[in-house]
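Below are the chains, spelled out letter by letter.
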Amino acid sequence: MIRDKWFISKDHKDASIAILQSNLAALRAKADINQEEISSIIGVSRQTYCAIESGKREMSWNTFLSFIFFFHELDTTRDMINELKIYPIELIYKFNDRT
């Protein structure tokens, strides 16, 4: 059984993934990175990345986290990630008993 501190609901994951997926192309453009480069960094094939960006394939939670942490660390995309309110800061607080 997963304790509440470590639980992330499927609804929360799905909503966050949907928001990120619909903004991937804009984030990638702001980062000035092409599909081949970002897919290599994230660890998926370019075809998989293209399918995710175009909405033809669902994004996994692991891939979501990889994208979030990548885009949050870039000066050019950090503000956009924060504005989308999908950076899991509430999870960081929860994990560190700051809620």
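Residues numbered from 1 in each chain as written. Predicted model: local features only at pLDDT ≥ 70, side-chain atom pairs only at ≥ 80, totals over all residues. Heavy atoms only, no water.

**Considering the pattern of salt bridges**
The cut-off we apply is this: Every case where a carboxyl oxygen of Asp or Glu lies within 4 Å of a side-chain nitrogen of Lys or Arg is listed as a salt bridge. Counting from the N terminus, the helices are DSSP H or I runs at least four residues long and the strands are E runs at least two residues long.
Applying the stated rule across the entire model yields 3 salt bridges. Residues Arg 28 and Glu 53 are paired through a salt bridge, measuring 2.8 Å at the closest nitrogen-oxygen approach. One end of the pair, Arg 28, is in helix 1 (residues 10-31); the other, Glu 53, is in helix 3 (residues 46-53), and 25 residues separate them in sequence. Linking Arg 78 and Asp 75 is a salt bridge whose minimum nitrogen-to-oxygen distance equals 3.2 Å.

**Re the environment of Lys 56**
Condition: Burial status follows relative accessibility: with a 1.4 Å probe on protein chains alone, a residue under 20% of its type maximum counts as buried, one over 50% as exposed, and anything between as partly exposed.
For Lys 56, the location among the structural elements is in the loop between helix 3 and helix 4 (61-73). On the basis of relative accessibility, which here comes to 74%, the residue Lys 56 falls in the exposed class. Considered as a pair, Lys 56 and Asp 32 are 24 residues apart in the sequence and their alpha carbons are 23 Å apart.

**Section: the nonpolar core**
Worth spelling out the cut-off: For this analysis, a nonpolar core means a set of buried residues of the types Ala, Val, Leu, Ile, Met, Phe, Trp, Tyr and Cys, connected via side-chain atoms within 4.5 Å. We call two residues in contact when some of their heavy atoms are within 4.5 Å.
Residues Leu 20, Leu 24, Ile 38, Met 59, Phe 64, Phe 67 and Phe 71 are the most contacted members of the largest nonpolar core, which totals 24 residues. Take this core: its biggest share by element is 6 residues, from helix 4. In contact with Phe 71, not counting residues within four places along its chain, are Leu 24, Leu 27, Arg 28, Ala 31, Ile 38, Thr 77, Arg 78 and Ile 81.

**Side note on unusual backbone geometry**
Within the chain, Asp 32 stands out as a residue other than glycine whose phi angle is a positive 55 degrees. Its location among the elements puts Asp 32 in the loop between helix 1 and helix 2 (35-42). Asp 32 gets classed as exposed once you look at its relative accessible area, which sits at 68%. Of note, Lys 85 is a non-glycine position whose phi angle comes to about 55 degrees, a positive value. For Lys 85, the location among the structural elements is in the loop between helix 5 (78-84) and helix 6 (89-95).

**A look at the packing of aromatic side chains**
What counts here: What counts as a ring pair is set by centres within 6.5 Å for rings of Phe, Tyr and Trp (its six-membered ring), and what kind of pair is set by the plane angle: stacked under 30 degrees, edge-to-face over 60, tilted for all other angles.
As enumerated under the stated definition, the model contains 4 aromatic pairs in all. With a centroid separation of 4.7 Å and 15 degrees between ring planes, the pair formed by Trp 61 and Phe 64 is classed as stacked. Taken as a pair, Trp 61 and Phe 64 lie in helix 4 at a separation of 3 residues, close to a single helical turn. Across the pair, exposure class does not vary: Trp 61 and Phe 64 are buried alike. Ring centres 5.2 Å apart and planes at 65 degrees place the aromatic pair Phe 70 and Phe 71 in the edge-to-face group. For Phe 70, a relative accessible area of 18% gives the class buried. An aromatic cluster is present here, built from Tyr 49, Phe 67, Phe 70 and Phe 71 joined pairwise through their rings.

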